Amino acid sequence: MAKSSTHIFLFSLISIAAFMAVSDGWLGKYTHIYIKNGLDKGTPLTVHCKSKDDDLGVHVLKYDEEYKFQFEPNFFQNTLFFCGFTWDSKLHKFDIYNQGVHENMCKPDCKWSITRDHPCMFNFETKKYDICRDQYY
């Protein structure tokens, strides 16, 4: 009888852990990426983001409009999402999330404003988009 109780307990424990992993992500550590059209009024921004495994499709943002996606960074610390940004018929590319670079900065949110000169990340301390990268590639 004791063996049966142990099996039921272990099965219940595993079931609860599996339910938590599916419902909240493994340990609830989803990262949310927000991409804002920070160009000028009247200039639409076309966004196309991908990872090695996922193509998030094409989204067209009006000025000041935002696109959001979420994911769970992987266990191996190598999650990478890269995006193509098109405006004025010219393509610009940028790694919107590189786990080795952005993991500690994006807990749980990464907010980006795409400007003509460079992408800028939202600084939660200053409440401004003032963490800017050098340029697109």
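Here the structure is shown first, and the text comes after it.
A brief report on the enclosed structure follows. (Residues numbered from 1 in each chain as written. Predicted model: local features only at pLDDT ≥ 70, side-chain atom pairs only at ≥ 80, totals over all residues. Heavy atoms only, no water.)

It is worth spelling out the overall build of the chain at this point. A count of helices and strands for the chain gives two helices and nine strands. Its helices and strands taken in sequence order, the chain reads α-β-β-β-β-β-β-α-β-β-β from the N to the C terminus. A separation threshold of at least 6 residues defines the contact pool for the chain, and within that pool the share at least 24 residues apart is 50%. About 9,100 Å² of surface is accessible on the chain, with carbon and sulfur atoms providing 57% of the total. (Helix = DSSP H or I, 4+ residues; strand = E, 2+ residues; numbered from the N terminus. Contact = heavy atoms within 4.5 Å. Areas by Shrake-Rupley, 256 points an atom, 1.4 Å probe, with all protein chains shown as cover.)

Formed by 23 residues in total, the largest nonpolar core has its most connected members in Ile33, Ile35, Leu45, Val47, Phe69, Phe85 and Ile96. Those elements giving two or more residues to this core turn out to be strand S1 (31-37), strand S2 (45-50), strand S4 (66-71), strand S5 (80-87), strand S6 (90-98) and strand S7 (109-114). Of all the elements, S5 adds the most residues to this core, at four residues. (Core = buried A, V, L, I, M, F, W, Y, C linked by side-chain atoms within 4.5 Å. Buried < 20%, exposed > 50% of the residue type's maximum accessible area, 1.4 Å probe, protein only.)

We now examine the sheet that holds S2. Read from one edge of the open sheet, four strands run S3-S2-S5-S6, paired in antiparallel fashion. Bordering the open sheet on either side are strand S3 (55-61) and S6, each of which pairs with just one other strand. If you compare each strand with its neighbour and ignore which way they point, the axes differ by 20° on average. Here S5 runs beside S6; their pairing, made up of eight bridges, is antiparallel. Residue Phe81 lies in a different strand from S6, and its bridge partner there is Tyr97. (Pairing = 2+ DSSP bridges. Axes fitted to C-alpha atoms, helices over the stretch in contact; angles between N-to-C directions.)

The next subject is the sheet that holds S1. The five strands lie next to each other as S4-S1-S7-S8-S9, forming an open sheet whose pairing is mixed. This sheet does not close on itself; its edge strands, each paired only once, are S4 and strand S9 (128-132). Each neighbouring strand pair of the sheet contributes to a mean axis angle of 35°, computed without reference to strand direction. The pairing of S1 with S4 spans six bridges and is antiparallel. Looking at the pairing, Tyr34 lines up with Lys68 of S4.

What follows deals with the state of the cysteines. Within this structure, the stated rule accounts for three disulfides. A sulfur-sulfur distance of 2.0 Å marks the disulfide that ties Cys49 to Cys83. Disulfide Cys49-Cys83: torsion about the S-S bond near 105°, hence right-handed. Within this pair, whereas Cys49 is found in strand S2, its partner Cys83 is found in strand S5, the two being separated by 34 residues in sequence. Judged by relative accessible area, which is 1%, Cys49 ranks as buried. Its relative accessible area of 2% is what places Cys83 among the buried residues. Note on cysteine connectivity: Cys120 is disulfide-linked to Cys132, with sulfurs 2.0 Å apart. On the sign convention where negative is left-handed, the bridge of Cys120 and Cys132, at about 105° about the S-S bond, is right-handed. Residue Cys120 is found in strand S8 (residues 119-123), and its partner Cys132 is found in strand S9; the two are separated by twelve residues along the sequence. (Disulfide = S-S within 2.5 Å.)

A few words on the environment of Tyr67. Tracing the sequence through the fold places Tyr67 in strand S4. The exposure class of Tyr67 is buried, given its relative accessible area of 12%. Expressed as a C-alpha distance, the spacing of Tyr67 and Tyr34, which sit 33 residues apart in the sequence, is 5.7 Å. Those residues in contact with Tyr67, other than ones at most four positions away along the chain, are Ile33, Tyr34, Ile35, Val47, Leu56, His59 and Leu61.

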